[in-house]
Amino acid sequence: MEKIEDFSDERHKAWCIQCGKTLSPVKGESNKDHVPSQCMLDKEAPDNLPEVTICRECNTGFSSDEEYFVAFLGSVISGNADPKGQAFKRSERVLASNRKIQKAVEESLTVQKDASGNERVVFAPDMERILRVIVKNARGHVYFEHGQPVFGEPEHAAAVPLGVLTKDQAEAFLNVDHGEVWPEVGSRMMDRFARTAFWDDDPDFVEGWVVVQPGVYRYAAIDDGRFIVRIIMREYLAAEVIWDRD
Ligand SMILES: [Zn+2]
């Protein structure tokens, strides 16, 4: 990805954007955290992957949920929770190395027969874990693009397969409207707007979406008075998180 410098307000950099705690200057007490985590992308992860600074507890606290997420998403797309049957290396690795997660994903899978007797795999994932990862990433995307932390629980957080949306719903979801208002001066989103408008040279910014890895992960961080984050993973899972701003 292109590296975009951040000139947003320095005062917003004193806290962990995930939990709101003051960041400690002590070495090892705060960490750079990639958004999205490398584990959610295929190897090789792109250069200049967005990163934000968060506290140590948050940095380690999310890793189990992220592994579950990766294993679940790989399994649902592959149609099974067998490490050997995975379409992606990432889910194969988690399922093969973590028995607890493999079991949890397997238990969320049931085979149903439809009216014509065809078997289909139905997943009922642990949505709490799925949404924790999505909200974590969404906070990171808002902060990275707009230079503003969003604390507290979002007003809305949901994730569904793109395929279950109606045609109109899918169109509305995919059509990202950043509106007329330009983002805060100095923010990365402002930089993307300017570069796209004047020089057409931000290859990662495609129709309002920031493409982290084509076909694997893209997101849109919209500021229309609220912060709206949309994420599409593997062109399969569609997620949306919304924070009202006051
Ligand atoms: Zn934290």
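Within any chain, residue numbers begin from 1 and follow the written order of that chain's sequence. Totals for whole chains, interfaces and linings use all residues, but because this is a predicted model, local features are given only for residues with pLDDT of at least 70 and pairs of side-chain atoms are given and counted only at 80 or more.

**Some details on the overall build of the protein chain**
Note the cut-off: Think of it this way: any DSSP run of H or I at least four residues long counts as a helix, any run of E at least two long counts as a strand, and we number them from the N terminus. Three exposure classes are used, all based on how many other C-beta atoms lie within 10 Å of a residue's own C-beta (placed from the backbone): buried at 20 or more, exposed at 12 or fewer, and partly exposed between those limits. Any pair of residues counts as being in contact when their C-beta atoms, constructed from backbone geometry, are within 7 Å of one another.
Each helix and strand in the protein chain was counted, giving seven helices and 10 strands. C-alpha extents for the protein chain along the principal axes are approximately 60 × 45 × 35 Å. For the protein chain, the residues scored as buried account for 33% of the 246 residues in total. Considering only contacts within the protein chain whose residues lie at least 6 apart along the sequence, 62% involve residues at least 24 apart.

**Quick look at the nonpolar core**
Nonpolar side chains in soluble globular proteins generally cluster together in the buried interior. Spelled out, the test is: Each nonpolar core comprises buried Ala, Val, Leu, Ile, Met, Phe, Trp, Tyr and Cys residues, the members being joined through C-beta atoms within 7 Å. Residue ranges for the domains originate in an automatic or database domain assignment.
Residues Ala-71, Phe-72, Ile-134, Val-229 and Ile-231 are the most contacted members of the largest nonpolar core, which totals 49 residues. Ranked by the residues each element gives to this core, the list is headed by helix α5 (residues 127–146), at eight residues. Two domains each put at least three residues into this core: domain 1 (10–61 + 127–244) and domain 2 (63–123). Beyond its immediate stretch of four places on either side in the chain, Phe-72 contacts Val-105, Pro-125 and Ile-130.

**A closer look at the sheet that holds strand β10 (residues 237–244)**
Which entries qualify depends on this criterion: Think of it this way: DSSP has to see at least two bridges between two strands before they count as a pair. Angles here are taken between N-to-C directions and fall from 0 to 180 degrees, while the axes themselves are lines fitted to C-alpha atoms, restricted in helices to the stretch in contact.
Reading across the sheet, the six strands line up as β5-β10-β9-β8-β7-β6 and stay open at both edges, with antiparallel pairing between neighbours. With one partner strand each, in any of the chains shown, β5 (156–161) and β6 (205–206) form the two edges of the open sheet. As judged from the three bridges shared by strand β7 (residues 209–213) and strand β8 (residues 217–223), these two strands associate in the antiparallel manner. For Val-211, the partnering residue across the bridge sits in β8 and is Arg-218. Each of β5, β8, β9 (226–233) and β10 is contacted by α5, which is oriented at about 120° to β9, the strand it contacts most.

**Observations concerning the domain arrangement of the protein chain**
Note the cut-off: Under this grouping Gly is polar, as are all residues other than the nonpolar Ala, Val, Leu, Ile, Met, Phe, Trp, Tyr, Cys and Pro and the charged Asp, Glu, Lys and Arg.
What the domain assignment lists for the protein chain is domain 1 (10–61 + 127–244) and domain 2 (63–123). Counting from both sides, the interface comprises 14 residues of domain 1 and, opposite them, 13 residues of domain 2. Here the element with the most residues in the side of domain 1 that touches domain 2 is α5; it accounts for four residues. Taken together, the residues that form the side of domain 1 that touches domain 2 break down as seven nonpolar, two polar and five charged.

**Regarding helix α7 (residues 188–199)**
Convention followed: A helix's residues, less one, multiplied by 1.5 Å, set its expected span. Directions drawn from the helix axis to the C-beta atoms are what define this arc.
For α7, with 12 residues, the first-to-last C-alpha span of 15 Å sits near the 16 Å given by 1.5 Å per residue. Burial in α7 covers these residues: Arg-188, Met-189, Asp-191 and Arg-192. Buried residues of α7, seen end-on, are gathered within an arc of 160° and therefore sit on one face of the element. Among the exposed residues of α7, those oriented more than 90 degrees off its buried face are Ala-197 and Phe-198. Those residues of α7 that are buried are in contact with α5, β6 and β8.

**Thoughts on the environment of Lys-89**
Here Lys-89 lies in helix α3 (residues 89–97). Its 11 C-beta neighbours within 10 Å are what place Lys-89 among the exposed residues. In sequence terms Lys-89 and Lys-43 are 46 residues apart; their C-alpha atoms lie 8.7 Å from each other.

**Some thoughts on the pairing of β8**
With seven of its seven residues buried, β8 lies for the most part within the structure. One ladder, built from seven bridges, connects β8 with β9; its direction is antiparallel. Paired with Tyr-217 across the strands is Met-233, a residue of β9. Hairpin connection between β8 and β9: a loop of two residues separates the two successive antiparallel strands, and Gly-225 in this loop has a positive phi of roughly 105°.

**Section: the environment of Glu-106**
With respect to the helices, strands and loops of the structure, Glu-106 is situated in helix α4 (residues 99–107). Separated by 11 residues in sequence, Glu-106 and Leu-95 place their C-alpha atoms 9.7 Å apart.

**Notes on the packing of helix α2 (residues 63–78) against α5**
We count it as follows: Reported orientations rely on four angle classes, namely roughly parallel under 35 degrees, roughly antiparallel over 145, roughly perpendicular from 65 to 115, and oblique for the rest.
Viewed as axis vectors pointing N to C, α2 and α5 meet at an angle of 110°, and their least axial separation amounts to 9 Å. Considered as vectors, α2 and α5 are oriented roughly perpendicular to each other. Each of Asp-65, Glu-66, Tyr-68, Phe-69 and Phe-72 in α2 lies in contact with α5, whose residues at this interface are Arg-129, Ile-130, Arg-132 and Val-133. In terms of residue class, the contact of α2 with α5 is built from five nonpolar, no polar and four charged.

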